[in-house]
Amino acid sequence: MKIMSVLKKNKSGIFLMELMLVVLFVLLSLTTCVRIFFESQELSRNSYVLTNAVIQAENVAQLLKYDNGKTDSLIAYYKPEMSSDNFVAYFDDKFKTCSDKKQSSYKMVVNQRLTNDGLVFSNISFSDIAGDQVIYTLKTTVYTQEGGAYE
Amino acid sequence: MREIKKRHSMDVFFVLCIFLFCAISLLGMVFVGARTQQKINQSTEENFHMRTSLMYISNKAKFFHEEGKISIENFEGMATLVFEEEIDGIKYTTKVYMYDGCLMELFTEKDYKLGADSGTIITELSSFEVKEINDGLIEVTVESPQGKKGSVLISGG
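First, a word on scope: everything that follows refers to the structure included in this document. Just so you know, these numbers come straight off a predicted model, no measurement behind them.

Turning next to the overall build of chain A. The helix and strand tally for chain A stands at two helices and five strands. Tracing chain A from N to C terminus, the helices and strands come up as α-α-β-β-β-β-β. Pairs at least 24 apart in sequence give 36% of the contacts found in chain A among residues at least 6 apart. Looking at chain A as shown, the accessible area adds up to about 9,700 Å², and 59% of this sits on carbon and sulfur atoms.

This is how it looks when you write it as structure tokens:
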């Protein structure tokens, strides 16, 4: 009788342990799955941002090519902020240009360097304002002598 | 006897609670997963249509980077981007336009007349606008079927 009661007690204990293990396993699986789902959503968002960053950078490159290295069309199209050696344009989260820096999510910085050989080196970088992380960089060179070629 | 019955019903209740917790958690996870998958699919499709059309036009423009090779024409009432080239002494044109909800490409000899439905489908779009901002600078704006807009600039030379 004593043995039977001991066995019965042990069965309950083992059953409880099994239940706890099942709950633990379910919780671990849930945590992993939810993390994967949110990471995949983040990846999809990053892909969209990169696509648009590439498009904007290539647009700037085309404007510089059109003006043979000068920035008149770039200024007319993007209306960027200008400082001594660079231009900064701001974009909202839908990649439309916005003049209000506080409402912007991304910025594009164009740095130019002119050489005596007639070459204009431009560095176009697109970055996230919140984390100041560079998303995409494009380097272009325009030869500004007569019959200039775009590279 | 009553005590034994109470303990037994408590055990069953506890087990049922754990089962309910597992069931609700799994259902919740399936729901979150389905929503996430739906959002990702939607975003991928938007990205695909817009990116494909803009990158196609941008790469085409880079290939025809010489002056005078890119122009805007009216083709069957539609604003059309025209790329001109010469192969073995014969002039050819590549027309890019929107027809029947799709971005189309039509490659023919320059003076050969073919209808808009003869083109090759590139991707689906809901709108395609071509505008000359300055002499030789063209802005192409596309809108995906999901409503996302994007623009690409083409410098003719």
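Let us now look at the overall build of chain B. Assigned secondary structure in chain B consists of one helix and eight strands. In chain B, the succession of α and β elements from N to C terminus is α-β-β-β-β-β-β-β-β. Here the C-alpha radius of gyration of chain B, 29 Å, is well above what a compact globule of 157 residues would show, namely 15 Å. Reported as C-alpha extents along the three principal axes, the dimensions of chain B are approximately 105 × 30 × 30 Å. Here chain B has roughly 9,600 Å² of accessible surface; of this, 55% comes from carbon and sulfur atoms. Side-chain charges in chain B split into 17 positive and 23 negative, and the spacing between the mean points of these groups amounts to 18 Å.

Moving on, we get to the packing of aromatic side chains. Applying the stated criterion across every chain, the model contains 11 aromatic pairs over all chains. Relative to A:Y106, the ring of A:F95 has its centre 4.8 Å away and its plane inclined at 10°; by these criteria the two rings are stacked. Pair noted here: A:F95 is in the loop between strand 2 (86-91) and strand 3 (106-114) and A:Y106 is in strand 3, with a separation of 11 residues, a long-range link. A relative accessible area of 6% places A:F95 in the buried class. Since its relative accessible area comes to 7%, A:Y106 is described here as buried. Ring centres of B:Y92 and B:F107 lie 5.3 Å apart, and the angle between their planes is 15°; on these two criteria the pair is classed as stacked. Of this pair, B:Y92 sits in strand 3 (residues 90-99) while B:F107 sits in strand 4 (residues 102-109), placing them 15 residues apart in sequence. Look at B:F107 and you get partly exposed, because its relative accessible area is 42%.

Residue and element names in this part refer to chain A. Sheet architecture is open: five strands sit in the order 1-2-3-4-5, paired in antiparallel fashion. Across the chains shown, the open sheet's two edge strands, defined by having one partner strand only, are strand 1 (81-82) and strand 5 (134-143). Taken together, the two bridges between strand 1 and strand 2 define a ladder with antiparallel strand orientation. Following the sheet pairing, M82 is matched in strand 2 by F87.

On to the sheet that holds strand 3 of chain B. Residue and element names in this part refer to chain B. In space, the five strands of this open sheet follow the order 1-2-3-4-5, with antiparallel pairing throughout. The open sheet has two edge strands with one neighbour each: strand 1 (70-75) and strand 5 (120-124). Shown here is a sheet whose adjacent strand axes are inclined to one another by a mean of 30°, direction ignored. Alignment of strand 3 against strand 4, held across eight bridges, turns out to be antiparallel. Bridge pairing links Y97 to M104 in strand 4.

On to the side chain of A:T51, then. With respect to the helices, strands and loops of the structure, A:T51 is situated in helix 1 (residues 2-66). Polar side-chain contacts of A:T51 include one of 3.5 Å to the side chain of B:N47. Once residues lying within four places of it in the same chain are set aside, the contact partners of A:T51 are B:N47 and B:R51.

Next up on the list: the environment of A:K139. All names here are of chain A. Mapped onto the elements, K139 comes out in strand 5. Since its relative accessible area comes to 67%, K139 is described here as exposed. C-alpha of K139 to C-alpha of N123: the two residues are 16 residues apart in sequence and 4.6 Å apart in space. Those residues in contact with K139 that lie beyond four places of it in its chain are S122 and N123.

Quick notes on the rules
- Residues numbered from 1 in each chain as written.
- Chains lettered and ligands numbered in written order.
- Predicted model: local features only at pLDDT ≥ 70, side-chain atom pairs only at ≥ 80, totals over all residues.
- Heavy atoms only, no water.
- Helix = DSSP H or I, 4+ residues; strand = E, 2+ residues; numbered from the N terminus.
- Contact = heavy atoms within 4.5 Å.
- Areas by Shrake-Rupley, 256 points an atom, 1.4 Å probe, with all protein chains shown as cover.
- Rg over C-alpha atoms; globule rule 2.2 N^0.38 Å.
- Lys, Arg positive; Asp, Glu negative; His and termini not counted.
- Charge placed at Lys NZ, Arg CZ, Asp CG, Glu CD.
- Phe/Tyr/Trp six-rings, centres within 6.5 Å; stacked < 30°, edge-to-face > 60°.
- Buried < 20%, exposed > 50% of the residue type's maximum accessible area, 1.4 Å probe, protein only.
- Pairing = 2+ DSSP bridges.
- Axes fitted to C-alpha atoms, helices over the stretch in contact; angles between N-to-C directions.
- Polar contact = N/O pair within 3.5 Å; in protein donor to acceptor, adjacent residues only side chain to side chain.

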